[in-house]
Amino acid sequence: LNGGTSPVSAINDADAAVVLWRAPGNSVQSSVRASRTGVWRTLAVPSGAVARSSDGFLTPSAAMNAKGQATVAWAAHEQQGWAVRSAFRSGTNAIWRATPALLPTAPAGSTLGTIAVRTNAAGDAIAAWSTSAGTSTVYVALRTAHKAWGPPTAIGTMAETGMVAW
């Protein structure tokens, strides 16, 4: 998994948009705009932890609702292993805020699959991902708008594809 990852983006019906990517030095950056005619602004995205090597922003997923509330989640290889990291913005003109890791570390010998995140009109969010160590376990976590993520819950197993189906 060393190396780069593709940027990820989200847009709402008012054309507020966000694009996120991993910058040199493993920091996560974003460019945001509040409307179709808005100016793109670059904002740092706090991760809440320091990534190890170049595996600091993998399989990212972003979502944005009509109010411009955005959530992003990604896999990060940290000092203790793999973690699912996340950040959110409470509106189109807000800064990013880091949240505690959704999965502090993946089980020993496992890898993280693709992460999927979605939001609703109220700003609540859902994240889903899988871990793989012979059998893939699917996890889900929920976040009430502007609050912390709830604990991850294992909801089932799936074929060894490394992807979360939606």
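Before reading on, note that the structure itself is shown above.
Residue positions are given per chain, counting from 1 as you read along its sequence in written order. Whole-chain, interface and lining totals are the exception, using all residues; otherwise, since this is a predicted model, local features are given only for residues with pLDDT of at least 70 and side-chain atom pairs are given and counted only at 80 or more. Computation of side-chain values: all heavy atoms of the structure, hydrogens and water removed.

Colleague: Quick question: what am I supposed to make of the sheet that holds strand β8 (residues 97-103) here?
Modeller: Whenever strands of a sheet pair, they do so through backbone hydrogen bonds, lying parallel or antiparallel. The four strands lie next to each other as β5-β6-β7-β8, forming an open sheet whose pairing is antiparallel. In this open sheet, the two strands that pair with only one neighbour each are β5 (58-64) and β8. Each strand axis lies, on average, 25° off the axis of its neighbour in the sheet, ignoring direction. By this definition, two strands are paired if DSSP reports at least two bridges between them. Each helix is a run of H or I in the DSSP string that is no shorter than four residues. Each strand is a run of E no shorter than two, and both are numbered from the N terminus. Taken together, the nine bridges between strand β6 (residues 70-78) and strand β7 (residues 81-89) define a ladder with antiparallel strand orientation. What sits directly across from Thr71, in β7, is Phe88. Axis definition: a line fitted to C-alpha atoms, limited for helices to the stretch in contact. Angles are taken between N-to-C directions and run from 0 to 180 degrees.

Colleague: What is the right way to look at the pairing of β7 in this model?
Modeller: For a regular strand, side chains alternate in direction, first toward one face of the sheet and then toward the other. For every residue, the accessible area (1.4 Å probe, protein chains only) is compared with the maximum for its type, and the residue is labelled buried under 20%, exposed over 50%, or partly exposed between those bounds. Most of β7 is tucked away: nine of the nine residues are buried. Of the pairings in the sheet, the one linking β7 to β8 comprises four bridges and is antiparallel in character. For Phe88, the partnering residue across the bridge sits in β8 and is Arg97.

Colleague: Where do I start with the sheet that holds strand β4 (residues 41-45) in this structure?
Modeller: In space, the four strands of this open sheet follow the order β1-β2-β3-β4, with antiparallel pairing throughout. Of all the strands in the sheet, just β1 (8-11) and β4 have a single pairing partner and so form its edges. Adjacent strand axes in the sheet meet at a mean angle of 20°, parallel and antiparallel pairs treated alike. In the sheet, strand β3 (residues 28-33) pairs with β4 via five bridges, with the strands oriented antiparallel.

Colleague: Help me understand the environment of Trp96, please; the structure alone is not making it clear to me.
Modeller: Position of Trp96 relative to the elements: it lies in the loop between β7 and β8. Along the backbone, Trp96 and Ser86 are 10 residues apart, and their C-alpha atoms lie at a distance of 9.9 Å. Side-chain polar atoms of Trp96 contact the side chain of Ser30, separated by 2.8 Å. In protein, a polar contact requires one atom able to donate a hydrogen and another able to accept it; more generally it is a pair of N or O atoms within 3.5 Å, and residues adjacent in sequence count only if both atoms are side-chain atoms.

Colleague: Is there a simple way to think about the pairing of strand β12 (residues 136-143) in this case?
Modeller: Most of β12 is tucked away: seven of the eight residues are buried. As paired elements, strand β11 (residues 125-132) and β12 share eight bridges and run antiparallel to each other. Bridge pairing links Trp129 to Tyr139 in β12. Remark: three residues form the turn of the hairpin made by β11 and β12, two consecutive strands paired antiparallel; Gly134 in that turn has positive phi of roughly 100°. Of the pairings in the sheet, the one linking β12 to strand β13 (residues 153-158) comprises five bridges and is antiparallel in character. Following the sheet pairing, Val138 is matched in β13 by Gly156.

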